[in-house]
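Here is what each chain is made of, one letter per residue.
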Amino acid sequence: EAGVVQSPRYKIIEKKQPVAFWCNPISGHNTLYWYLQNLGQGPELLIRYENEEAVDDSQLPKDRFSAERLKGVDSTLKIQPAELGDSAVYLCASSLGTGHQETQYFGPGTRLLVL
Amino acid sequence: GDSVTQMEGPVTLSEEAFLTINCTYTATGYPSLFWYVQYPGEGLQLLLKATKADDKGSNKGFEATYRKETTSFHLEKGSVQVSDSAVYFCALSDQGAAGNKLTFGGGTRVLVKP
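One structure accompanies this document, and this report is about it.

What counts and how
- Residues numbered from 1 in each chain as written.
- Chains lettered and ligands numbered in written order.
- Predicted model: local features only at pLDDT ≥ 70, side-chain atom pairs only at ≥ 80, totals over all residues.
- Heavy atoms only, no water.
- Helix = DSSP H or I, 4+ residues; strand = E, 2+ residues; numbered from the N terminus.
- Rg over C-alpha atoms; globule rule 2.2 N^0.38 Å.
- Contact = heavy atoms within 4.5 Å.
- Areas by Shrake-Rupley, 256 points an atom, 1.4 Å probe, with all protein chains shown as cover.
- Lys, Arg positive; Asp, Glu negative; His and termini not counted.
- Charge placed at Lys NZ, Arg CZ, Asp CG, Glu CD.
- Core = buried A, V, L, I, M, F, W, Y, C linked by side-chain atoms within 4.5 Å.
- Buried < 20%, exposed > 50% of the residue type's maximum accessible area, 1.4 Å probe, protein only.
- Pairing = 2+ DSSP bridges.
- Axes fitted to C-alpha atoms, helices over the stretch in contact; angles between N-to-C directions.
- Buried area = accessible area lost by both parts, 1.4 Å probe.
- Salt bridge = Lys/Arg side-chain N within 4 Å of Asp/Glu carboxyl O.

All right, on to the overall build of chain A then. Regarding its fold elements, chain A presents 0 helices and 11 strands. Counted from the first residue to the last, chain A has its helices and strands arranged as β-β-β-β-β-β-β-β-β-β-β. Radius of gyration (C-alpha) of chain A: 13 Å, near the 13 Å computed for a compact globule of 115 residues. By principal-axis analysis of the C-alpha atoms, chain A measures approximately 40 × 25 × 25 Å. Considering only contacts in chain A between residues 6 or more positions apart, those separated by 24 or more positions represent 53%. Accessible surface for chain A amounts to roughly 5,800 Å². Of this, 49% is attributable to carbon and sulfur atoms. Within chain A, the 14 negative side-chain charges are centred at a point lying 8 Å from the centre of the 11 positive side-chain charges.

Listed below in structure tokens is the structure:
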């Protein structure tokens, strides 16, 4: 079974440019997450989807970040405009259900460098 | 709010040595506890988990026991291999309005030398 797929794996952009990350979750997983991982730190949740609905976006900086999950499968995370401090790894994860005991499966991440 | 504290690394040890990585947590409810591992150049992988007090999670020779009385979930392995070199993350998921949101510790880098 295929795991969580993310693209691109690496992205280098100049500040003030837009950037987008794509995620395809494990087939049948209704819940999708985007996490931000700064260097040397643990991941932090940005947004959580249940099917098409964003049920927790309290940590998403809405002035420059946006996300969508059309049709409840693939998801895109966008930053516009990017800032130097956005350099980090952006992780996508999915889970079958929403209970606290559910395992989240992570993709390889997109490493973003903003110059 | 929820938080996870784990020992800072790097932890350097020789092959076949005993490994312990301490993890303590603060949660408002009764969380599930997880250890994830990140090998060089790879994504986070679930290593083991425990969903209620006194449960023991185990995988690949690693073990951790959910201790509610000490709010701890320490990771142990009796004999490490070079291939265990990675960054290990302790995490919790609380059963509250936040739903299935993982709160991670800062990670502990482990380096096993031959």
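Core analysis: the biggest nonpolar cluster contains 26 residues, and W35(B), F73(B), L75(B) and Y88(B) have the highest contact counts within it. When residues in this core are grouped by element, the largest group, 4 residues, is from strand β10 (residues 86-93) of chain B. Counting 22 residues, the second-largest nonpolar core is a separate cluster that includes L32(A), L46(A), F65(A) and Y90(A).

In this section: the sheet that holds strand β8 (residues 75-79) of chain A. Residue and element names in this part refer to chain A. If you trace the 4 strands from one edge of the open sheet to the other, you get β1-β3-β8-β7, paired in antiparallel fashion. Edge positions in the open sheet fall to β1 (5-7) and β7 (65-68), since each of these has one partner strand only. Each neighbouring strand pair of the sheet contributes to a mean axis angle of 15°, computed without reference to strand direction. Alignment of β1 against strand β3 (residues 19-24), held across 3 bridges, turns out to be antiparallel. Bridge pairing links V5 to N24 in β3.

Attention now moves to the interface of chain A and chain B. Contact residues are listed per partner, giving 24 residues for chain A and 24 residues for chain B. Between chain A and chain B lies a buried interface of about 1,700 Å² when both sides are counted; carbon and sulfur atoms form 49% of it. Considering only the side of chain A, the residues that lose the most area to chain B are H100(A), T103(A) and F106(A), jointly responsible for 34% of the buried surface there. Between the two partners, chain A and chain B, sit 0 salt bridges.

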